Each structure stands twice: as C-alpha cells, then as structure tokens.
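Fold and contact review
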Amino acid sequence: MGYDSKRIGIIGMGYVGLALAGVYGQSNYIYCLDINPHILTDIQNGTVKCAEPELEELLKIVHDKKKHIVQLSQTMSAKPREVVERADYIFVTVGTPSLENGEISLGHVWAVAETIGKELQYRTGWKTPYIILKSTVLPGTTRKFVNIIEKYSKKKEGEDFFVVYSPEFLREGRAVFDLKNPNKIVLGGRPYAVKHMQAFFEDFYKNTKDATSGTFFLTNYVNAEMIKYANNCFLASKISFINQIANICAKIPGADVNNIAMAIGLDHRISPQFLRAGLGFGGSCFTKDLEALANYGDKMGVSTDFLWEIDTVNLEQRELPLHIINNVFSDLKGKTIAVLGLTFKPNTDDVRDSPALQIVRLLLSYGATVTVYDPKAPDKALADVVVKYPGKIIRLPSAKYALKGADFAVICTEWEEFSRLEADDFMLLMESPYVFDGRRVLDPEKLIKAGVHYYGVGYGNSNAIPRTETSPFN
Ligand code: UDX
C-alpha cells in the first residue's frame, strides 16, 4: 500500500516550521502561515534562504512540485481560513521568546489559538482536524490553548477537533536530519488523539527514505510540556557540569578534561554526549528554557537554585578568555584581539545568546580593538557595537586576516576551518602569538612546540586558567 498524502498546515515559519515544510512537503500538501509576509513570499517563489543543511533544496523541491500539485501553488502563502479549512493536520511552531524577566512570552501562541478558533467555526467536511502544538510551552499552556480555540470556534476538543502537544527536539544546523531521525516522538493528549498521531508518524516514517521514527512516548499535556523543559535543562546541566570540571582540570598539570569526559561517558548512565567543555552554551533554547522553568518553579514556591546555577556557571564560562587576556596584558587599550567565530555553534548563522558576542562586547568595553571573522554570522549581529565603538571593531573575510597583527586570538565557535589553522598562522601573522582556544579545536602540543602561547579550556598545562574574585562583567 502506498503512502496517502496528507494536507498539512504549518503556522510559524521559523527554522522548525521551515524544516517541517521541507521534510513533510516531500510527500504531503503543505499550507504555510506566518505573520511575516516576506517569508511566505520566499516560500512561494522558491527562494527561501536558510543556513540549515539540505533545507533550501528540499523547500525548492516542494516549491517546484506546484507544477504538478495545483493545490500547493494556491496555498503556499495561504490565508488563515485556507489553512484551517483545508489542512487536516495543523502544526503550530510559533516562537515563545523570553521576556526581560526571563519568563516566556506566549503572545504568539494565544494569537494562533484565537485565529484557529475563529476560522475553525467555518470548517466543514467529514475529517476531524488535528492541531499539533510544537512551540516550547510551560505546563498548563496547551490546556489554555484548547480553551481559547473552543471559545472562538464554539466547537469541542475531542469531538470536533483534537489538540496534541508534541515538543520538538531538533537542533539548529541538524534540523533536517533530526526531523528525519528523531530519537523519540513525544505526544501529549487524549489517548485516542495521541494514538492517531502515532499512526500518522509511523506511516510517514515508514514511507520516507533515510528516515526512522525513534521511540514513541504517549502521555498527557502537562507531562509532554514538562518533558521538553526537563530535556533541555538536563542537557544544559551536562555542559555546565563539564565546564566546571574543565576549570578544575586546568589547574592540574597533566590533566585534560576531554579524557575525563570520554571515560565518564563510557558509563551508560552518563553517556558521552554533551560533555564537550568550552565557552558554554548559547542559542535560542537553553538559557531561555532554564530561566523559564526556574521562574515557573519559583512561582510555585519550589527551590530552583540548581537550575539558576546552571545558567550562572554558563555565564561565568564566557569570562574565561578575559581573565587570561587580563593576566597577559595589564591594559587592553592599544591591543588588538582577534575573535574567531560569532555564531553560537558551527553550521548556523544564528548568533542569539552567543558567547562570542558577549566576549566581543567585553573586549571593546576594556578598550581593545577587535578583529572578527565568522563565515556565516550576519553583519547586523555587530550593528550595535559598530555604532558604540566606531573604528574599534573590524569584520574581516578570513581567519587569517583577523589574526594579522593581533596581539591575542580567541576561538569562540568550533567552525571546522579553525581546526585547520597551523602554528605558523599564529607565529607569522600575529603581533604576539597568544591564543585562547575556547572550543578546543586546535592541537595544543603542536602549537606549544612551535612557540605559540596556547590556552585551552580544561587543559592542565603550564598555562592553567587563573580565576579572579571579581567578574569582568558588571
Ligand atoms: C538545543 C537542543 O539540543 C534541541 O534539542 C532543542 O530543540 C533546541 O535547543 P540547539 O540550540 O540547536 O539545540 O543547539 P545544540 O546543538 O544543542 O547546542 C547548544 C549549545 O551548547 C551550543 O552553543 C553548543 O556549542 C553548546 N554545547 C553543546 C557545548 O558547549 N558542549 C556540548 O557538549 C554540547
């Protein structure tokens, strides 16, 4: 039996929504919706630009299919009514950004619930629509989401439509791969609805090349909501944990945190994943989720010290290069520091909450001139500091250009190309060959042998990392 194409609506075309459109769109009809008309125009024209590997090509294929699938051409920039009327499965992937106080903003989620509700009242036909909320939301949110849809549609969840909460675990830069190969698919909702969605995914994965569904985990709304937060906070805790171990290792001659991480990772109860010591985590999820969960727990009167501490350790980790640089040079005025990497991790152009940006700001505030290289970060990432420190921050087209004439180099992102830098690049290009390898991409032995002053996170060589009492971040 062949695969039956489904009519899938996607509301919120960020990287998760686009990934769903690209992957599900290979075998289904896709109806996209977003408040940003530009992204819809790009989807409609087949000109979406995004840093996710494979995704542009997949979206192009979905776009080109409109020649064969008339429905698709009419609906790639669908209006809400079209989406709610036509799609039998509506995925909601709108953002839940942080507010100033660390709590999450649910404005987009409520707006979508209202829109779906208002349009649902006009939906006719015999198929019962499924609405799958994927945005990261705190326990209790999906229930309210349902209430809003019921209020505006005057229809009943469980009879006229179903809502399932299914958190998304895909990583930026791996969105297509992760979507095709999830470890698990968590489905929260009524037993009938979650079983129906399990069948939907089983059918999809069985019929999709290079894809496997992983384990299904069926539960209720609040557990599914909590699973997403616990998952991300636990991963963040592993990183902060290994970074503290790294800082201790840096004080022990002969120690190397990677050795320790590898060995403890052999214990199946621990696993070797997410034990890469470095400058800590950034990105759109971990800090946001930690703060949201900690705030939520605080409001419930529960002690959340551990969650807050993960965040604090992470922020402190960004100070490491500054402690070293301040130790080497008594004054940063007149010094040029090369910063290699701006994105929060490689293979993305995302600089949200990137440790690199914080390090750049700090260096500038100390009076240094900063030369920067990153292969993908957008120029606008530096817009505010360019205005605040005119002439003091210079973006260059390669790592070698950034190193030229610099007094100290800091590697902030593990872009693969940085691992190919040779001792000579530091020895010959720099004014003085000092490097802080914030992501452990270089070979310290080779560099030290060649005369480079090498500092790396978690290496207990003679360049042990000094800690000071006062934070350079005010
Ligand atoms: C994360 C979660 O992994 C994903 O499941 C969720 O859906 C969204 O948030 P992402 O933000 O894309 O994904 O990045 P991830 O690859 O998890 O890395 C997050 C940060 O942690 C990066 O800054 C990375 O450099 C850092 N990191 C990761 C470490 O410092 N050490 C590690 O061992 C792993």
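Since we're looking at a predicted model, the values are computed, not measured.

Here's the deal with the packing of aromatic side chains
What describes a pair of aromatic rings is the distance from one ring centre to the other and the angle between the planes of the rings. In the structure shown here, the tally under the stated rule is 21 aromatic pairs. Ring centres of Tyr24 and Phe204 lie 5.0 Å apart, and the angle between their planes is 80 degrees; this geometry places the pair in the edge-to-face category. With Tyr24 in helix α1 (residues 15-24) and Phe204 in helix α9 (residues 191-206), the pair connects residues that are 180 residues apart, well separated along the chain. Just as Tyr24 is buried, Phe204 falls in that class too. An aromatic cluster of at least three residues, connected via ring pairs, comprises Tyr3, Tyr24, Tyr89, Phe91, Tyr130, Phe162, Tyr192, Phe200, Phe201, Phe204 and Tyr205. Taking the ring centre of Phe177 as reference, the NZ or CZ of Arg174 above it sits at 4.7 Å.

A word on the packing of helix α10 (residues 221-249) against helix α12 (residues 286-299)
One can describe the packing of α10 onto α12 by two numbers: an axis separation of 9 Å at closest approach and a directional angle of 115 degrees. Here α10 and α12 pass one another in a crossing that is left-handed. Counting all contacts with α10, which are made through Met226, Lys228, Tyr229, Asn232, Cys233, Leu235, Ala236 and Ile239, the residues of α12 involved are Phe286, Asp289, Leu290, Ala292 and Leu293.

Some thoughts on the sheet that holds strand β10 (residues 393-395)
The 6 strands lie next to each other as β10-β9-β8-β11-β12-β13, forming an open sheet whose pairing is parallel. Every interior strand has two partners, whereas the edge strands, β10 and β13 (453-456), have only one. Recorded for the sheet is a direction-independent mean angle of 20 degrees between the axes of neighbouring strands. Of the pairings in the sheet, the one linking strand β8 (residues 336-340) to strand β11 (residues 408-411) comprises 4 bridges and is parallel in character. Residue Leu340 lies in a different strand from β11, and its bridge partner there is Ile411.

Calculation criteria
- Residues numbered from 1 in each chain as written.
- Predicted model: local features only at pLDDT ≥ 70, side-chain atom pairs only at ≥ 80, totals over all residues.
- Heavy atoms only, no water.
- Phe/Tyr/Trp six-rings, centres within 6.5 Å; stacked < 30°, edge-to-face > 60°.
- Helix = DSSP H or I, 4+ residues; strand = E, 2+ residues; numbered from the N terminus.
- Buried < 20%, exposed > 50% of the residue type's maximum accessible area, 1.4 Å probe, protein only.
- Lys NZ or Arg CZ within 6 Å of the ring centre and 35° of its normal.
- Axes fitted to C-alpha atoms, helices over the stretch in contact; angles between N-to-C directions.
- Left-handed = near helix turned anticlockwise from the far one by under 90°.
- Contact = heavy atoms within 4.5 Å.
- Pairing = 2+ DSSP bridges.

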